[in-house]
Amino acid sequence: MLTPTGANECIEKFRISQNVYLKDCVDFREIHKGNKKTHLSNIKRKFNLESFESILFFDNELGNCRSVAELGVSVVYTPNGLTGDAWTLAAQTFPSPGKVHKAK
């Protein structure tokens, strides 16, 4: 299981293209264990969003995916981790509020 420290390290090191890393594309990070509905509610409040429909959520735990889908979040269930297929599926299906899509 990836810890918050490990997740931050991944964001720092995940290369999107030759000179661009995921950290360069992220304006706000909130990474922690615990209730994902609370987690996403904090993000919604931080960015003053009217709804959850503009949020895309990836997780390898189906229970977390189902829980946040109830809020109207677009969800990609990633049982094999955050793979290229998961990113492609997200790009093809976003937005899909309240739906859980399963990546290969």
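Preceding this section is the structure that the text describes.
What comes next concerns the included structure. (Residues numbered from 1 in each chain as written. Predicted model: local features only at pLDDT ≥ 70, side-chain atom pairs only at ≥ 80, totals over all residues. Heavy atoms only, no water.)

Focus on unusual backbone geometry
With the exception of glycine, the majority of residues adopt a negative phi angle, and the majority of peptide bonds are in the trans configuration. A cis amide bond, omega -5°, links F94 with the succeeding residue P95. Examined against the element boundaries, P95 turns out to sit in the loop between α4 (84-93) and β5 (100-102). In the Ramachandran plot, N48 falls in the positive-phi region, its phi being about 55° despite a non-glycine side chain. For N48, the position within the fold is in the loop between α2 (36-46) and β3 (56-59). Judged by its relative accessible area of 70%, N48 falls in the exposed class. (Helix = DSSP H or I, 4+ residues; strand = E, 2+ residues; numbered from the N terminus. Buried < 20%, exposed > 50% of the residue type's maximum accessible area, 1.4 Å probe, protein only.)

Here we look at the pattern of salt bridges
The final tally for this structure, using the stated rule, is 4 salt bridges. In this structure, the salt-bridge partner of E12 is R29, at a minimum N-O distance of 2.6 Å. Separated by 17 residues along the polypeptide, E12 in helix α1 (residues 4-13) and R29 in the loop between β2 (20-21) and α2 bring together distant segments of the chain. Among the residues examined, E12 registers a relative accessible area of 35% and is labelled partly exposed. Three or more residues are tied together by salt bridges with common partners; here these are E12, K23 and R29. (Salt bridge = Lys/Arg side-chain N within 4 Å of Asp/Glu carboxyl O.)

Description of the environment of L62
Turning to its location among the elements, L62 is positioned in helix α3 (residues 62-69). The spacing of L62 and Y77 is 15 residues in sequence and 6.3 Å in space, taken between C-alpha atoms. Each residue touching L62, except ones within four places of it in the same chain, is listed here: Y77 and V100. (Contact = heavy atoms within 4.5 Å.)

Overview of the sheet that holds strand β4 (residues 74-77)
Pairing is parallel in the open sheet, where 3 strands are placed in the order β3-β4-β5. Both outer strands of the open sheet, β3 and β5, are each paired with one neighbouring strand and no more. Direction aside, neighbouring strands of the sheet carry axes that sit 25° apart on average. Both β4 and β5 contribute to a ladder of 3 bridges, which runs parallel. Its bridge partner being in β5, V76 is matched across the sheet by H101. Along the sheet, α4 contacts β3, β4 and β5; its crossing angle with β3, the most-contacted strand, is approximately 150°. (Pairing = 2+ DSSP bridges. Axes fitted to C-alpha atoms, helices over the stretch in contact; angles between N-to-C directions.)

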